[in-house]
Amino acid sequence: MTDIDQHTVLDNPAWHSLNGAHARFAQAHGSARRYHPDVSVFVGLPEHRDDEVWRSLASLVGPGAEVPIPGGTGAPPPGWELVWRDRGVQMVDDGIDARPDEEAVILGAADADQMSALVARTNPGPWRTRTFELGTYLGIRRDGRLVAMAGERLRPPGWTEISAVCTDAAHRGQGLATRLVRAVAYNIRSRGDQVLLHAAATNTNAIRLYGALGFRLRRETTFAVYRSPTRQ
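Everything quoted here is computed from the prediction, not taken from an experiment.

Got a sec to walk through the sheet that holds strand β8 (residues 145–152)? Specific residues and values, please.
Taken together, the 8 strands give an open sheet; going across it, the order is β4-β11-β5-β10-β9-β8-β7-β6, and neighbouring strands pair in mixed fashion. Every other strand in the sheet has two partners, leaving β4 (66–69) and β6 (105–107) as the edge strands with one partner each. Strand-to-strand, the axes of this sheet are offset by a mean angle of 30 degrees, without reference to chain direction. As defined by bridge partners, β4 adjoins strand β11 (residues 215–227) across 4 bridges and the pair is classed as antiparallel. Note that in β11 the partner of V67 across the bridge is Y226.

Next up, the structure:
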């Protein structure tokens, strides 16, 4: 992959995921894409967005829907209401000590309730009932209870995003998140992909942890949620 291609896919990872490795989860209308609502909240839009793109997205999500809008050129036209905006960072592998973990287990449909419960307790980011289908999720249990988890989310060509890194409050400080990030990174590298992740710019503890693990800042970005027009 050329440098230009790499920058293209990393600057718009949801779009390239939905048109590539995750096409099976995609719903489309015109030039807009979104994940099936049971799988993820994210939508994919081409980098350059004219009125036709926004009309396609409005038709796809329906009236009055809250939609995470990925960074790109072109603000939404009149009728789209800003609900929330915050700063974020995108980080990429710069020497992670990736390794498997003997205690980590692969999570799947049988673990869906425990995964959702852990996410509800820890709030690592958007989660839906089928999010675990996006890639391999690993977990660590204590006394049969899932207490830590990490897995794979967006998959633009040549890359896989680590996401849903979370640890139950009663089990923090034991290095479980570090172990799981390294194990997920090991799986990603084993199939030939490179590793990326996103974090809120205000989550300085997580950013420090990821830096210590071998991630470097690639770019700052914006996370924004808009409400689609109530009339279409």
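Once you've had a look at it, read on.
Before we move on, could you go through the packing of aromatic side chains and cite the residues and values that matter?
Pairs of aromatic rings are described using the distance from one ring centre to the other and the angle between the two planes. Tallied over the full model, the rule gives 3 aromatic pairs. Taking the centre distance of 5.4 Å and the plane angle of 65 degrees together, the rings of W54 and W80 count as edge-to-face. Of this pair, W54 sits in helix α3 (residues 51–61) while W80 is found in the loop between β4 and β5 (81–93), placing the two residues 26 residues apart along the sequence. Side by side, W54 and W80 carry an identical accessibility label, which is buried.

Explain empty space enclosed by the protein to me, using residue names and the numbers behind them.
The final tally for this structure, using the stated rule, is 1 cavity of 30 Å³ or more. A volume near 30 Å³ is recorded for the largest cavity. As for the largest cavity, its lining consists of V39, S40, V41, F42, P126, W127, T131, L134 and R153. Residue composition of the lining of the largest cavity, by class: 6 nonpolar, 2 polar and 1 charged.

Can you explain helix α6 (residues 204–213)? Please cite residues and give values.
Within α6 the residues assigned to the buried category are A206, Y210 and L213. For α6, the angular spread of buried residues about the axis comes to 60 degrees, placing them on one side. α6 presents N205, R208 and A212 as exposed residues on the side facing more than 90 degrees away from its buried surface. Tucked into the core, α6 has its buried residues touching β5, β9 (159–167), α5 (176–190), β10 (194–200) and β11. Phi for G214, located one or two positions after α6, is positive at around 115 degrees.

Before we move on, could you go through unusual backbone geometry and cite the residues and values that matter?
We note that D143 has phi near 55 degrees; this positive angle belongs to a residue other than glycine. Considering the arrangement of structural elements, one finds D143 in the loop between β7 (137–142) and β8. A residue is classified by how much of its surface remains accessible, and D143, at 86% relative accessible area, is exposed. Phi is positive for A164, close to 55 degrees, though the residue is something other than glycine. As for its position among the elements, A164 is in strand β9. Since its relative accessible area comes to 6%, A164 is described here as buried.

Each value, and the rule that gives it
Residues numbered from 1 in each chain as written. Predicted model: local features only at pLDDT ≥ 70, side-chain atom pairs only at ≥ 80, totals over all residues. Heavy atoms only, no water. Pairing = 2+ DSSP bridges. Helix = DSSP H or I, 4+ residues; strand = E, 2+ residues; numbered from the N terminus. Axes fitted to C-alpha atoms, helices over the stretch in contact; angles between N-to-C directions. Phe/Tyr/Trp six-rings, centres within 6.5 Å; stacked < 30°, edge-to-face > 60°. Buried < 20%, exposed > 50% of the residue type's maximum accessible area, 1.4 Å probe, protein only. 1 Å grid on protein atoms, 1.4 Å probe; cavity = no way out; pocket = protein on both sides within 12 Å on 5 of 7 lines; lining within 4 Å. Points joined across faces, edges and corners; volume = space filled by probe spheres on them. Nonpolar A, V, L, I, M, F, W, Y, C, P; charged D, E, K, R; others polar. Arc of directions from axis to C-beta. Contact = heavy atoms within 4.5 Å.

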